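Each chain, written out:
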Amino acid sequence: MEQLIIKGGNPLRGEVNISGAKNAALAILPAVILSEGISTIENLPYIEDIKHLVEILENLGAKCNFKDKHTLVIDSTNIEKYRAVYGSVKKIRASYYLLGALLGRFKNAEVAMPGGCNFGQRPVDQHIKGFKALGAVADLKNGMNKLKADKLIGTNIYLDVISVGATINIMLAATKAQGVTIIENAAKEPHVVDTANFLNMMGANIKGAGTDVIRIIGVEKLHGVRYTIIPDQIEAGTYMIAAAITKGSVTVKNIIPKHMDPLTAKLIEMNCIVEEGDDYIKVTAPEKLYATNIKTMVYPGFPTDLQPQITTIVACSHGTGIITENVWENRFQYVNELKRLGFNITVEGRVAVTKGPVNLMGAEVFAHDLRAGAALVLAGLASVGTTTISNAKQIYRGYENIEGKLRVLGADIEKV
Ligand code: UD1
């Protein structure tokens, strides 16, 4: 089992380059299925979730060739299968995008139920509702989601809850439906916009991505393109918090600063100095960090995928902080691990109350999921002594070379 061993206490200083966005890449690679031709995808993050997805695409018949770690050439011309079985599918959440993409291309899709982080029920009812509205018959049998349609016909779809996954999945299938599909109450996250931009470059006709109404006019054919994935908002946010929690000063490069607004505002509220350029943000820690309150929301609200990380820094700050998790019903499991280091956090349902400052001492901890693991890394960096994080493979699902990037900034961290 992979472990990360951190000797805490070093202030992080310097510059760090942010990789491509995991959640955009995990939607864009399945979107390639809708095209026939050769696409080159650049700025792919070199992380475990992408490796699993590429394996799935190869099993479906796509020819995948990494030109370098971050550039993948995919020939989707000869994809013939529309069935993706358990194996790699169960390892990632985003395998549900295969449903929309395969349904769009073959009017048929059979995909094992997805995996991913466990922080609640994670239903896919809104995805299925959308596919049915487009004309598909849906069936769940023996752990396989099956979709079949004679033809897909555009229609109006109102999402009962704002869902990133359902918005992108319906967009994928509707791209090749006949006529116009309108998704109302759509998610506005940067990766929804990035996926729509990618589909449009391939020849799709999608307008309104980034607002809550997306209009898709179906097209018959999509072609291969060269596309560069946007930078990862959550990785960038994790390094911004790392700068502040270690009392350091870090320039986080190759990012879209606008995507960081909800976090930037909170770090400023906590007393950090934040300087913004066209494609970078520099965070400098103050003498004293003050606790604040956070409510996670859909974009442009505070992202739930930065909740464990922000909770960690709020909990080391002076005063009382209240963190409310509005997206997932069970996303505070990592708090018990933080407590091993000396944090004072009380959780009641979807609310965590933190009291600081605290004296943190390294300990052995377990990464239950990806962002929980990131929170433990931050906590380890801020603690005195050694923190050993086991199940670190969760962290490598979403963070490229995290120990290498942190070491360059001055952290004492190693992977064993
Ligand atoms: C995506 C991200 C995940 C992030 C989440 C919210 C990927 C691979 N994962 O997950 O990292 O935490 O967005 O920003 O991009 N819901 C339903 N029915 C559905 C779908 C969702 O009730 O059919 C609910 C969920 O239970 C949750 C909320 O809607 O409470 C948001 O979920 P959603 O945006 O769909 O998250 P994911 O796409 O799974």
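Whatever comes next refers back to the structure up there.
Here's a quick rundown of the structure.

Rules used in this analysis
Residues numbered from 1 in each chain as written. Predicted model: local features only at pLDDT ≥ 70, side-chain atom pairs only at ≥ 80, totals over all residues. Heavy atoms only, no water. Helix = DSSP H or I, 4+ residues; strand = E, 2+ residues; numbered from the N terminus. Rg over C-alpha atoms; globule rule 2.2 N^0.38 Å. Contact = heavy atoms within 4.5 Å. Areas by Shrake-Rupley, 256 points an atom, 1.4 Å probe, with all protein chains shown as cover. Lys, Arg positive; Asp, Glu negative; His and termini not counted. Charge placed at Lys NZ, Arg CZ, Asp CG, Glu CD. Polar contact = N/O pair within 3.5 Å; in protein donor to acceptor, adjacent residues only side chain to side chain. 1 Å grid on protein atoms, 1.4 Å probe; cavity = no way out; pocket = protein on both sides within 12 Å on 5 of 7 lines; lining within 4 Å. Points joined across faces, edges and corners; volume = space filled by probe spheres on them. Near = heavy atom within 4 Å. Salt bridge = Lys/Arg side-chain N within 4 Å of Asp/Glu carboxyl O. Buried < 20%, exposed > 50% of the residue type's maximum accessible area, 1.4 Å probe, protein only. Nonpolar A, V, L, I, M, F, W, Y, C, P; charged D, E, K, R; others polar. Pairing = 2+ DSSP bridges. Axes fitted to C-alpha atoms, helices over the stretch in contact; angles between N-to-C directions.

1. Considering the overall build of the chain
- On a plain count of helices and strands, the chain comes out with 14 helices and 24 strands.
- By the compact-globule yardstick of 22 Å for 416 residues, the chain fits well, its C-alpha radius of gyration being 21 Å.
- Expressed as a percentage of contacts within the chain between residues at least 6 apart in sequence, the contacts between residues at least 24 apart total 72%.
- For the chain, the accessible surface area stands at approximately 16100 Å², while carbon and sulfur atoms represent 49% of it.
- Averaging the locations of the 45 positively and 41 negatively charged side chains of the chain gives two centres separated by 3 Å.

2. Focus on the side chain of Q126
- Tracing the sequence through the fold places Q126 in helix α5 (residues 125–133).
- At 3.0 Å, the side chain of Q126 and the backbone nitrogen of D160 are in polar contact.
- Not counting residues within four places of it along the chain, the set of residues in contact with Q126 comprises Y158, L159, D160, V161, A166 and I170.

3. Topic: empty space enclosed by the protein
- Within the structure shown, the criterion is met by 3 cavities of 30 Å³ or more.
- Looking at the largest cavity, its volume works out to about 50 Å³.
- The wall of the largest cavity is formed by T238, Y239, A242, A374, V377, L378, L381, I402 and L406.
- Residue assignment for the lining of the largest cavity shows that the elements contributing at least two residues are α8 (233–245), α12 (370–382) and α14 (402–408).

4. Quick notes on the site of the ligand
- Around the ligand sit 19 residues, and of these Y96, Q126, S163, D305 and V327 come closest.
- Here V164 contributes a backbone N or O atom positioned 2.7 Å from an oxygen atom of the ligand.
- Within the side chain of W328, an N or O atom sits 3.1 Å from an oxygen atom of the ligand.
- Its free accessible area being 740 Å², the ligand has 88% of it covered by the protein chains.
- For the shell around the ligand, the secondary structure elements donating two or more residues are α5 and α6 (164–174).
- Looking at the shell around the ligand element by element, the count peaks at 3 residues for α5.

5. Some points on the pattern of salt bridges
- Tallying each qualifying case throughout the model produces 13 salt bridges.
- A salt bridge links D49 to R397; the nearest nitrogen and oxygen atoms lie 2.8 Å apart. Here D49 is found in helix α2 (residues 48–60), whereas its partner R397 is found in the loop between α13 (393–396) and α14, with 348 residues between them in sequence. Of the two residues, D49 and R397, neither departs from the other in class, the shared state being buried.

6. A look at the layout of surface pockets
- What the largest pocket holds in volume is close to 1100 Å³.
- Lining of the largest pocket is provided by 49 residues; of these, R122, V164, G165, V327 and W328 occupy positions nearest its centre.
- Where the lining of the largest pocket is concerned, the elements lending two or more residues are α1 (22–31), α5, α6, α7 (190–201), α8 and α12.
- Of the residues forming the lining of the largest pocket, the biggest block, 4 residues, is contributed by α1.
- Residue classes in the lining of the largest pocket are distributed as 24 nonpolar, 12 polar and 13 charged.
- Surrounding the second largest pocket, 26 residues form its lining, Y46, I47, E48, Y396 and R397 being those nearest its centre.
- The residue inventory of the lining of the second largest pocket, partitioned by class, reads 5 nonpolar, 10 polar and 11 charged.

7. Side note on the sheet that holds strand β18 (residues 294–295)
- Sheet architecture is open: 4 strands sit in the order β18-β19-β21-β20, paired in mixed fashion. Of all strands in the sheet, those bounded by a partner on one side alone are β18 and β20 (345–348).
- Here helix α10 (residues 307–315) sits on the sheet in contact with β18, β19 (319–324), β20 and β21 (351–356), set at roughly 30° to β21.

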